[in-house]
Amino acid sequence: MAQIIDGKAFAANLRQDIAKEVDALKEKGITPGLAVVLVGEDPASQVYVRSKGKQTVEVGMSSFSHKLPESTTQEELLNLINKLNNDDSVNGILVQLPLPAQIDSDTVLNSIAPEKDADGFHPMNVGLFTTGGIGSVPCTPLGCLMMLKDHLGDMSGKRALVLGRSNIVGKPMGTLLLNENCTVTMAHSRTADLEEECRRADILVAAVGRPEMVKGSWIKPGATVIDVGINRVDKEDGGYRLVGDVEFASASEVAGAITPVPGGVGPMTIACLLLNTLISTYRQNNLPVPEWIPVAN
Ligand code: NDP
């Protein structure tokens, strides 16, 4: 049976480490601040935003929550972001996606000051990160990388397969694994013989959004499996359960280690949002980023 990589526990430890650094910064008179902007009433977004705000406060940071109505215009949102860009008490800014149809997401994300880009989605940060410069890294792949490094240590020479090529998960995950000297394959909906590609991988990161698509028989015995997928599957009683992109029951018979859903990558994503805000705070105050923090130095 595979070892379970407990993302919930890992994230709790990470939040404790972040809280210690926040305390140390406060002694210097600096309180890191994260602003989260929500436009509209999307129920899932409301849950995420609440959870982000709560965890921000728990690590000792200032949380600034901006809830705007569904009818907000792009100009109104850009004005708010401009204010947050110029507010010294705000070190990180996150605009919760999706945005209502009248607002162009790219225009909004590009208007966030790159040094306050807590999500790591600004093209300047994407460029810096892919060319080996210092910029913020998207939270979900960063969380996956931290768990992989903790579990595997040196990943040099390992074959890694990233299933999914989105800008927020797949592509940055591939870059991070390449930076760790893995031999990286990026798979997607046009990949020929996906199962065979998966079977060659020592590290498999699944980010497709297809419930339980990856079966145990696709996995190389002993491989490390990171399941990013969060999919709702209806239950007979009218409720739903959450499953990943990997069929956990069969995969955990074959893999060496695997993240569960829920309780794997999900908790790490928010913890890494706080980590990105912390990193931004050091940089904005010209302070060195502590050595223990990955991909920041
Ligand atoms: P996207 O829909 O943006 O991308 C999905 C990717 O999967 C695409 O590259 C697509 O290929 C590929 N794909 C889709 N179907 C297949 C298939 N049948 N075979 C092979 N490849 C396929 O999704 P995201 O990257 O945003 O999210 C992926 C999953 O991760 C979702 O379940 C999402 O909920 C979850 N997620 C979880 C987070 C967390 O915190 N745990 C954070 C973010 C996302 P192509 O490009 O060819 O279309």
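For clarity, every value in this text was computed on a predicted model and none was experimentally measured.

Engineer: Explanation requested: the layout of surface pockets in the structure shown.
Structural biologist: A probe as big as a water molecule, rolled over the atoms, marks out the empty space that is left. Here the largest pocket defines a volume of roughly 1300 Å³. For the lining of the largest pocket, the secondary structure elements donating two or more residues are helix H2 (43-58), strand S4 (92-95), helix H6 (139-152), strand S9 (231-234), strand S10 (240-243) and helix H10 (265-284). Per element, the largest residue contribution to the lining of the largest pocket is 7 residues, and it comes from H2. Its residues assigned to classes, the lining of the largest pocket comprises 26 nonpolar, 13 polar and 6 charged. Shared between two domains, the lining of the largest pocket holds at least three residues of each, these being domain 1 (30-116) and domain 2 (139-266). Its volume calculated, the second largest pocket comes out at about 330 Å³. Lining the second largest pocket are 16 residues; nearest its centre among them are Gly-120, Phe-121, Val-126, Asn-167 and Ile-168. Listed by contribution, the elements that provide at least two residues to the lining of the second largest pocket are helix H4 (105-111), helix H5 (123-130) and helix H7 (170-179). The dominant element in the lining of the second largest pocket, judged by the number of residues it contributes, is H5, at 4 residues. Residues belonging to the lining of the second largest pocket are distributed by class as follows: 9 nonpolar, 5 polar and 2 charged.

Engineer: Where do I start with the site of the ligand in this structure?
Structural biologist: Taken together, 22 residues are adjacent to the ligand, and Arg-165, Ser-166, Ser-189, Val-208 and Thr-269 come closest. Here an oxygen atom of the ligand and a side-chain polar atom of Arg-165 are 2.8 Å apart. At a separation of 3.2 Å, a nitrogen atom of the ligand approaches a polar side-chain atom of Arg-210. Burial of the ligand by the protein amounts to 70% of the accessible area it has alone, namely 930 Å². Classifying every residue of the shell around the ligand by side-chain character gives 10 nonpolar, 10 polar and 2 charged.

Engineer: What am I meant to see in the sheet that holds strand S11 (residues 257-258) here?
Structural biologist: What holds strands together in a sheet is hydrogen bonding between their backbones, with the strands either parallel or antiparallel. With parallel pairing, the 6 strands of this open sheet are ordered in space as S1-S11-S8-S7-S5-S6. Two strands close off the open sheet at either side, each with one partner strand: strand S1 (3-4) and strand S6 (183-187). The sheet contacts of H6 involve S1, strand S7 (203-206), strand S8 (224-227) and S11, and relative to S8 the element is tilted by about 160°.

Engineer: Looking at this structure, I do not really get H7. What am I missing?
Structural biologist: Owing to its 3.6 residues per turn, the α-helix aligns residues three or four sequence positions apart on the same side. Counting buried positions along H7 yields 7 of 10 residues, so the element is predominantly enclosed. Downstream of H7 by one or two residues, Asn-181 has phi in the positive range, about 70°.

Engineer: I would appreciate a short explanation of the domain arrangement of the protein in the present structure.
Structural biologist: Much of the literature gives interface size as the accessible area that the parts lose upon coming together. Per the domain assignment, the segments making up the protein are domain 1 (30-116) and domain 2 (139-266). Computed from C-alpha atoms alone, the centre-to-centre distance between domain 1 and domain 2 is 29 Å.

Engineer: Please explain the nonpolar core as it appears in this structure.
Structural biologist: Inside soluble globular proteins, nonpolar side chains tend to come together where they are buried. Counting residues in hydrophobic clusters, the biggest one holds 52 residues, and the most contacted among them are Ile-18, Leu-177, Leu-275 and Leu-278. Sorting the residues of this core by element identifies helix H1 (7-27), strand S2 (33-39), H6, strand S5 (159-163), H7, S7 and H10 as the ones contributing at least two each. If you tally residues by element for this core, the top one is H10, at 10 residues.

Engineer: Is there a simple way to explain empty space enclosed by the protein in this structure?
Structural biologist: Applying the stated criterion to the full structure yields 1 cavity of 30 Å³ or more. Of the pockets and cavities examined, the largest cavity occupies roughly 50 Å³. Lining the largest cavity are 10 residues; nearest its centre among them are Gly-135, Ser-136, Val-137, Asn-276 and Ile-279. Top contributing element to the lining of the largest cavity by residue count: H10, with 3 residues. Across the lining of the largest cavity, the residue classes break down as 6 nonpolar, 3 polar and 1 charged.

Engineer: Help me out: how do you make sense of the pairing of S2 in this one?
Structural biologist: Along any regular strand, the residues point their side chains to alternate faces of the sheet. The buried count for S2 comes to 7 of 7 residues, which makes it a mostly enclosed element. Side chains Gly-33, Ala-35, Val-37 and Val-39 project from S2 onto one buried face, and the interleaved Leu-34, Val-36 and Leu-38 project onto a second face that is buried too. Pairing of S2 with strand S3 (residues 62-68) involves 7 bridges; the strand directions are parallel. Bridge pairing in S3 places Ala-35 opposite Phe-64. Running through H2, the crossover from S2 to the neighbouring parallel element S3 is right-handed.

Engineer: Looking at this model, I keep getting lost on H6. Mind explaining?
Structural biologist: Between its first and last C-alpha, H6 extends 20 Å over 14 residues, near the 20 Å set by a 1.5 Å rise per residue. Counting buried positions over the 14 residues of H6 gives 10, a clear majority of the element. What H6 keeps buried is the set Cys-139, Thr-140, Pro-141, Leu-142, Gly-143, Cys-144, Leu-145, Met-146, Met-147 and Leu-148. Packing partners of the buried residues in H6 comprise H1, H7, S7, S8 and H10. After H6 finishes, the residue Gly-153 shows a positive phi value of roughly 70°.

So, how was this worked out
- Residues numbered from 1 in each chain as written.
- Predicted model: local features only at pLDDT ≥ 70, side-chain atom pairs only at ≥ 80, totals over all residues.
- Heavy atoms only, no water.
- 1 Å grid on protein atoms, 1.4 Å probe; cavity = no way out; pocket = protein on both sides within 12 Å on 5 of 7 lines; lining within 4 Å.
- Points joined across faces, edges and corners; volume = space filled by probe spheres on them.
- Helix = DSSP H or I, 4+ residues; strand = E, 2+ residues; numbered from the N terminus.
- Nonpolar A, V, L, I, M, F, W, Y, C, P; charged D, E, K, R; others polar.
- Domains from an automatic or database assignment.
- Near = heavy atom within 4 Å.
- Polar contact = N/O pair within 3.5 Å; in protein donor to acceptor, adjacent residues only side chain to side chain.
- Areas by Shrake-Rupley, 256 points an atom, 1.4 Å probe, with all protein chains shown as cover.
- Pairing = 2+ DSSP bridges.
- Contact = heavy atoms within 4.5 Å.
- Axes fitted to C-alpha atoms, helices over the stretch in contact; angles between N-to-C directions.
- Buried < 20%, exposed > 50% of the residue type's maximum accessible area, 1.4 Å probe, protein only.
- Core = buried A, V, L, I, M, F, W, Y, C linked by side-chain atoms within 4.5 Å.
- Right-handed = clockwise from strand over helix to strand, strands pointing away.
- Expected span 1.5 Å × (residues − 1).

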